[in-house]
Amino acid sequence: MRYHILGPLLVEHEQQTRPVTGGKVRTVLAALLLHANQQLSVAQLAQRMWPGDAPHSLRRVVQTNIVRLRHELPWPGSIVTGPAGYSLTVGPGELDLHEFDRLVAEAGTATSLDAQARLLRAALGLWRGPACADVVSPWLHEMDLPALNERRLLALERRIEADLLLHRTEGIVPELRRLTVEHPFRERFWVQLMATLFRQGRQAEALSAYRTVSQRFMAELGVEPGAELREVHQQILRGSGPHPLLAVAAAVVPATTTPDAVPQTLPAGALHFVGRAEEFATLDWHRDEAAAVIVLDGPAGIGKSALALRWLHDNAADYPDGRFCLDLRGYADEPPLATSEALAALLEALGVTAAEVPPGVAARAQLFRTLTANRRLAVLLDNALDADQVRPLLPGAVATAVVTSRNQLRGLVVHDGAVRLTVPRLEPAEASALLGLNPRAEEAIRLAELCDRTPLALRVLAERMARLPHVSPSSWIAQLVDEADRLAALDAGDDAGSLPRSLSWSYRGLDPDAAELMRQVSVHTAKAFTTGQAAEVALLPVPVVRRHLDRLVGVHLVEQLNHDRYRVSPLAGLYSRHATSIEQGRPASLRLQ
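Residues numbered from 1 in each chain as written. Predicted model: local features only at pLDDT ≥ 70, side-chain atom pairs only at ≥ 80, totals over all residues. Heavy atoms only, no water.

**Q** Pulling in residues and values, what's your account of the sheet that holds strand β6 (residues 85-88)?
**A** Pairing is antiparallel in the open sheet, where three strands are placed in the order β4-β6-β5. Only two strands of the sheet have a single partner each, and these edge strands are β4 (40-41) and β5 (79-81). Where β5 and β6 come together, three bridges link them in antiparallel fashion. For Thr81, the partnering residue across the bridge sits in β6 and is Tyr86. On the sheet, helix α3 (residues 58-72) packs against β5 and β6 and is oriented at approximately 145° with respect to β5. (Pairing = 2+ DSSP bridges. Helix = DSSP H or I, 4+ residues; strand = E, 2+ residues; numbered from the N terminus. Contact = heavy atoms within 4.5 Å. Axes fitted to C-alpha atoms, helices over the stretch in contact; angles between N-to-C directions.)

Below is the structure:
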């Protein structure tokens, strides 16, 4: 016979596990198991069975439930009636709680960290959820279980600490993030989270975690965090310290570094800027919430960089220690900027000479975070390829990183706490205004829609219209209706103003299968479609198509309208059909379905 109380209450007999039916019966069994081999009086059992007034015939009702419990158990003789109450006889190995305590005790006497971690992991593996999860008893949960839950948390702290000392950090950050949410005032978990982030080279996130817990302590308790947490924070700020959980080689800040250098390298940005009131309000809100990493994502030419530049210029006073920009070349004719080169450029912008820049990505990243740890500055990481390119470039906790990319950078949101704002198309009136036309005119609205209300396309067309004032808006509409002519009209003739070239960069990073699916759906439809319809066109299994579509959505070549409804982004589809027609040596055609 085995009893399980570390989760829902279960009884195991002859390798068959079954729950205990009846709410009061479950409460009696849980109480007796939590005090196994000890006698509980009728009054003590009654306290756990009734949260309010107990029945008048207290002893009789308790006895009735004891009888019912005996019928539930395979060995009814295990419940012993004593002079003052009842007890449940439990032998060695019959109760998971006893097994948990035994393994924890063995871990306490183990001679190696590896053995400690193994035993603690085995002990914690006995827990299937909150103890006595299906027992409804306020007394039980308020008086009996807190001590048991504390023993579990202590074992969990010891196991995490052993793993950290053994340099096993994989998977610990998500676990500790969950634990700090569930137990926000348990400082040991915060110490371990900060230490783990620091050991993984994520100093900015470690400092951000301290800021979160410190603000919560002050707001809800009116006190600062404890001494250990404050000291770990100071050691992380310095980049090293004696705390055993911070055992990681720290970068040394060059003595000749000029920490007071104020970098100001932001480009001026677009002179004629329209709209984006809602996006500015969202960015302001993220700034007020002290977001450390803000991602602006969207398709080619949607105005991500222009929005970031205008917002950073408008909020210069919030970043007195500097604002600078780095083009990561994620989508460009040149190869993406290497992480080591990007870090060298960032350090030099902070006043570190080329001779003082340390070798290796890890050392450079740690030095960058150290130099920016206490500085209110903004870093615009423009045109990022993916999360792996960006992550080592994130500054210290007080600084703000604004990242623009055609990639949704899901990894930064999931693992690094970034907030994401997808930049939408301009409103119809804003798009018409960018063309310099009356926003209420039908021709202006039509031209804006043919440009998909995308700023780059609108600016290219606006430049052509200003250069050729004798060409009427209706003539431009007639030209843009033809897809091949539309691409030619939206090509300004240089890298910065070529919409076709800009769109081609989005395709360059696709794997061949995803690129082929994009070509297939672009040629066959301009309407919304389902995964099944795309699979029919591509002659591929639905799961494979779903993976490819997710990749295309992630880089804004395909729009996901709902759970299983997609459409090709209009300008991306235009480019794809044109490229396909050139490859096949025939005029582009669009077969609507």
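**Q** I'd like a description of the packing of helix α5 (residues 113-124) against helix α6 (residues 138-165), backed by residues and values.
**A** Contact geometry for α5 and α6: axes closest at 9 Å, N-to-C directions at 145°. The two elements α5 and α6 meet at a crossing, and its hand is left-handed. Contacts between α5 and α6 involve Leu113, Ala117, Leu120, Arg121 and Leu124 from the former and Arg152, Ala155, Leu156, Arg158, Arg159, Ala162, Asp163 and Leu165 from the latter. A breakdown of the residues in the contact of α5 with α6 according to their chemical character gives eight nonpolar, no polar and five charged. (Left-handed = near helix turned anticlockwise from the far one by under 90°. Nonpolar A, V, L, I, M, F, W, Y, C, P; charged D, E, K, R; others polar.)

**Q** Account for helix α24 (residues 531-538), with residues named and values stated.
**A** Within α24, the full set of buried residues consists of Thr531, Ala534, Ala535 and Ala538. Looking straight down α24, one finds that the buried residues subtend no more than 105° of arc, so they occupy a single side. Buried residues along α24 sit in contact with α23 (512-524), α25 (542-554) and β13 (565-568). Where α24 ends, the next residue or the one after it, Leu539, has phi of about 55°, a positive value. (Buried < 20%, exposed > 50% of the residue type's maximum accessible area, 1.4 Å probe, protein only. Arc of directions from axis to C-beta.)

**Q** Got a sec to walk through unusual backbone geometry? Specific residues and values, please.
**A** Positive phi outside glycine occurs at Arg329, with the angle close to 55°. Checked against the element boundaries, Arg329 lands in the loop between β8 (323-327) and α13 (339-349).

**Q** Before we move on, can you summarise the pairing of strand β7 (residues 293-297) with the specific residues and values?
**A** Of all five residues making up β7, five are buried, and the element is well covered by its neighbours. With burial as the criterion, each face of β7 is covered, one bearing Val293, Val295 and Asp297 and the other bearing Ile294 and Leu296. As judged from the five bridges shared by β7 and strand β10 (residues 400-405), these two strands associate in the parallel manner. By the bridge assignment for β10, Ile294 is matched with Val402. Pairing of β7 with strand β11 (residues 419-422), which is carried by four bridges, proceeds in the parallel orientation. Opposite Ile294, over in β11, you have Val419 as the bridge partner.

**Q** Residue-level account of the packing of aromatic side chains, with values.
**A** Throughout the structure, instances matching the rule amount to four aromatic pairs. With 5.4 Å between their ring centres and 65° between their planes, Phe185 and Phe217 make a pair best called edge-to-face. In this pair, Phe185 sits in the loop between α7 (172-182) and α8 (187-199) while Phe217 sits in helix α9 (residues 203-220), placing the two residues 32 residues apart along the sequence. Taking the relative accessible area as the measure of exposure, Phe217 reaches 4% and is therefore buried. Summarising the aromatic geometry, the rings of Phe529 and Tyr566 are spaced 6.1 Å apart at their centres and angled 25° between planes, so their arrangement reads as stacked. (Phe/Tyr/Trp six-rings, centres within 6.5 Å; stacked < 30°, edge-to-face > 60°.)

**Q** How would you explain the pattern of salt bridges if you had to name every residue and give the values?
**A** If the charged atoms of two oppositely charged side chains come close together, the side chains can form a pair. For the structure on display, the rule yields 34 salt bridges. Arg151 is paired through a salt bridge with Asp101; the nearest N and O atoms lie 2.7 Å apart. Pair noted here: Arg151 is in helix α6 and Asp101 is in helix α4 (residues 96-109), with a separation of 50 residues, a long-range link. Where Glu231 meets Arg238, a salt bridge forms, and the shortest distance between an N and an O atom there is 3.5 Å. (Salt bridge = Lys/Arg side-chain N within 4 Å of Asp/Glu carboxyl O.)

**Q** Talk me through a nonpolar patch on the surface; I want residue IDs and the actual numbers.
**A** A cluster of nonpolar residues, Phe185, Leu221 and Val223, forms a patch on the protein surface that exposes about 240 Å² of accessible area. By secondary structure assignment, the location of Leu221 is in the loop between α9 and α10 (227-238). We classify Leu221 as partly exposed; its relative accessible area is 44%. (Patch = residues over 30% accessible without salt bridge, like charges linked within 9 Å, V, L, I, M, F, W, Y side chains within 5 Å. Areas by Shrake-Rupley, 256 points an atom, 1.4 Å probe, with all protein chains shown as cover.)

**Q** So what's going on with α8? Residues and values would help.
**A** End to end, α8 covers 18 Å across 13 residues, agreeing with the expected 18 Å (1.5 Å per residue, within 8%). Of all 13 residues in α8, 12 are buried, a share of seventy percent or more. All of the buried residues in α8 are Arg188, Phe189, Trp190, Val191, Gln192, Leu193, Met194, Ala195, Thr196, Leu197, Phe198 and Arg199. The secondary structure elements touched by the buried residues of α8 are α6, α7, α9, α10 and α14 (361-372). Where α8 terminates, the next one or two residues include Gly201, which has phi positive at roughly 80°. (Expected span 1.5 Å × (residues − 1).)

**Q** Give me the sheet that holds β10: which residues, what numbers.
**A** Taken together, the five strands give an open sheet; going across it, the order is β8-β9-β10-β7-β11, and neighbouring strands pair in parallel fashion. Every interior strand has two partners, whereas the edge strands, β8 and β11, have only one. Neighbour-to-neighbour, the strand axes of the sheet open up by a mean angle of 20°, direction not taken into account. Taken strand by strand, helix α12 (residues 304-314) contacts β7, β8, β9 (378-384) and β10, and its axis lies near 160° from that of β10. On the sheet, α13 packs against β8 and β9 and is oriented at approximately 160° with respect to β8.

**Q** Let's hear about the confidence of the model for the chain: which residues, and what values?
**A** Scored by pLDDT, the chain comes out at a mean of 85, with 93% of its residues at no less than 70. This model gives residues 248-260 a pLDDT under 50, and the stretch forms 23 contacts once residues within four places in sequence are excluded. A low-confidence stretch, residues 586-593 stays under pLDDT 50, and its non-local contacts, those more than four residues away or across chains, total 21 contacts. (pLDDT = per-residue confidence, 0-100.)

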